[in-house]
Amino acid sequence: MIFRITNAETDWEMSKIIYDLFAKFPRTDESQNFLVVVKFDLVSFIIEMAKTFGLTMPENQWLIVIPDTNMINTNIEIFAGLISEGENFCFLINKSVTDTSCTFGLLCHLRELLNVLLSGLERNIFEELKLSENVSEEEWETIKPLKSDRRESIIVYMRTRLGEIGTCGNCKSWLAVSAIRWGIEFQETTTPTQLIQTGHWKMQAGLKLSDYIFPHIGGGFRGQTLPIITFHILKINESGHIEKYSGMVFEIVNELSNSLNFTCNVIVTLNNTEGFSNSSLLSKEMERIFNLGYYRGLNVNQVALVLTMFTPLLSTRAQLTAVLPYHY
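Quick caveat: nothing in here was measured; it's all calculated off a predicted structure.

Rules behind the numbers
- Residues numbered from 1 in each chain as written.
- Predicted model: local features only at pLDDT ≥ 70, side-chain atom pairs only at ≥ 80, totals over all residues.
- Heavy atoms only, no water.
- Core = buried A, V, L, I, M, F, W, Y, C linked by side-chain atoms within 4.5 Å.
- Buried < 20%, exposed > 50% of the residue type's maximum accessible area, 1.4 Å probe, protein only.
- Helix = DSSP H or I, 4+ residues; strand = E, 2+ residues; numbered from the N terminus.
- Contact = heavy atoms within 4.5 Å.
- Salt bridge = Lys/Arg side-chain N within 4 Å of Asp/Glu carboxyl O.
- Disulfide = S-S within 2.5 Å.
- Expected span 1.5 Å × (residues − 1).
- Arc of directions from axis to C-beta.
- Phe/Tyr/Trp six-rings, centres within 6.5 Å; stacked < 30°, edge-to-face > 60°.

### Things to note about the nonpolar core
Point 1. Phe22, Val43, Trp62, Ile64, Phe79 and Phe91 are the most contacted members of the largest nonpolar core, which has 32 residues in total.
Point 2. Every element with two or more residues in this core is listed here: helix 1 (11-23), strand 1 (33-37), helix 2 (43-52), strand 2 (61-66), strand 3 (89-94) and strand 4 (173-180).
Point 3. A total of 6 residues in this core trace back to one element, the largest contributor, which is helix 2.
Point 4. Beyond its immediate stretch of four places on either side in the chain, Phe91 contacts Val43, Ile47, Ile64, Ile66, Phe79, Ile83, Leu175, Ala176, Val177 and Leu195.
Point 5. Membership of the second largest hydrophobic core comes to 5 residues, among which are Trp182, Phe186, Phe221 and Phe262.

Structure, rendered in structure tokens:
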């Protein structure tokens with residue numbers, strides 16, 4: 001579906017227009033990908049409204065194209081503070097330069113293409129002649145390059161040569177900048193959202209990616225260590241030390257850590273050596289810990305995952321949902 005944002009004279013009017021636009025978005029439980037092409041001044045409106053309508057879940061991806069970035073509107077770091085844990089945003093920034101030395105136009109490109117094409121043909125013919133002089137005609141018929149090989153060789157040469165000497169359209173360029181946000185809330189020292197360069201495009205070289213444009217979709221938590229609290233019964237030896245983390249719950253955690261690329265720092269609750277016999281006792285213990293706000297020096301708002309053997313009661317589940325940005 002395609003939507004268009006109309007102009008407005010005031011920020012309030014623009015906010016109302018964007019709100020009404022987002023209200024038309026279809027609601028679905030499936031992952032959604034959004035492509036937004038807006039001016040620099042509207043990006044913050046888009047991000048805030050997407051959050052308001054609950055469209056920035058971990059499974060959704062937002063690619064925001066900003067065509068009017070220039071020497072004045074280049075500080076996209078101001079958008080980093082708007083991105084929260086578990087969200088996926090990538091910004092495509094117009095880094096083109098307008099200068100009298102920039103050369104554009106169809107004739108300019110045709111001239112460069114013809115020059116490197118002729119140069120490539122000359123190079124190929126010279127190499128083939130040199131090789132054919134050293135073998136017999138029968139041998140040459142056997143080893144001479146196929147038409148497809150010649151074509152591929154010339155194209156590779158042209159691309160390389162254009163990248164080296166090409167000047168037409170070099171002032172046109174775009175930069176892909178992506179947000180690194182997953183897992184930051186769960187670190188001992190919370191750092192702000194990082195915006196990293198994940199790719200760039202130039203007319204001669206084309207698109208070159210240095211990372212996933214949505215780093216967390218491709219790389220999960222990117223090897224971070226996430227704290228989890230377990231209310232699961234653990235195997236403890238006579239000296240009171242945990243022998244190992246095992247059982248179905250931890251098998252699920254291991255699968256999650258493999259697929260989402262993270263490691264775990266397991267925080268064991270003091271009262272679960274004998275386990276909890278029912279969900280009421282479990283919920284009571286969970287409520288006690290989460291009401292304290294801190295447990296063993298850990299801010300419970302920085303807990304990534306809670307492991308239990310029973311389903312908590314409704315009140316406790318609501319309490320957990322408030323502090324856990326990911327589904328559990």
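Read on, since the account is not over.
### Things to note about the side chain of Arg181
Point 1. The residue Arg181 is located in the loop between strand 4 and strand 5 (194-202) in this model.
Point 2. Those residues within four positions of Arg181 in sequence are excluded, and the remaining contacts are Ile83, Ser84, Glu85, Glu87, Thr193 and His216.

### Section: the pattern of salt bridges
Point 1. Under the definition given, this model contains 8 salt bridges.
Point 2. When the shortest N-O distance is used, the salt bridge between Lys51 and Glu87 registers 3.0 Å. Taken as a pair, Lys51 in helix 2 and Glu87 in the loop between strand 2 and strand 3 lie far apart in primary sequence, 36 residues in all.
Point 3. Since its relative accessible area comes to 5%, Glu87 is described here as buried.

### Describing the state of the cysteines
Point 1. One pass over the full model with this rule turns up 1 disulfide.
Point 2. A sulfur-sulfur separation of 1.7 Å characterises the disulfide bridge that pairs Cys108 with Cys168. One quick way to see it: the torsion about the S-S bond of Cys108 and Cys168 is about -85 degrees, and its sign makes the bridge left-handed. Of this pair, Cys108 sits in helix 3 (residues 106-132) while Cys168 sits in the loop between helix 5 (147-165) and strand 4, placing them 60 residues apart in sequence. Across this residue pair, the class does not change: Cys108 and Cys168 are buried.

### With respect to helix 5
Point 1. Taking 1.5 Å of rise per residue, 19 residues should cover 27 Å, and helix 5 covers 27 Å from first to last C-alpha, within 8% of that figure.
Point 2. All buried positions along helix 5 are accounted for by Ile154, Tyr157, Met158 and Leu162. One face of helix 5 carries all of its buried residues, which in axial projection span an arc of 130 degrees. Opposite the packed face of helix 5, turned more than 90 degrees from it, sit the exposed residues Arg159, Gly163 and Glu164.
Point 3. Those residues of helix 5 that are buried lie in contact with helix 3.

### Regarding unusual backbone geometry
Both trends apply: most residues other than glycine have a negative phi, and most peptide bonds are in trans.
Point 1. With a phi angle near 55 degrees, Arg222 is a residue other than glycine that sits in the positive phi range.
Point 2. Looking at the element boundaries, Arg222 is found in the loop between helix 6 (215-219) and strand 7 (224-230).
Point 3. Since its relative accessible area comes to 33%, Arg222 is described here as partly exposed.
Point 4. Phi at Asn261 takes a positive value of approximately 60 degrees, unusual for a residue other than glycine.
Point 5. Checked against the element boundaries, Asn261 lands in the loop between helix 7 (248-260) and strand 10 (262-268).

### Looking at the packing of aromatic side chains
Point 1. Evaluated as defined, the whole model comprises 13 aromatic pairs.
Point 2. Measuring from centroid to centroid gives 6.5 Å for Phe89 and Phe91, while their planes differ by 15 degrees, and the two rings are stacked. Here Phe89 and Phe91 have matching classes, each one buried.
Point 3. The interplanar angle of 80 degrees and the centroid separation of 5.5 Å between the aromatic rings of Phe221 and Phe262 together place this pair among those described as edge-to-face.

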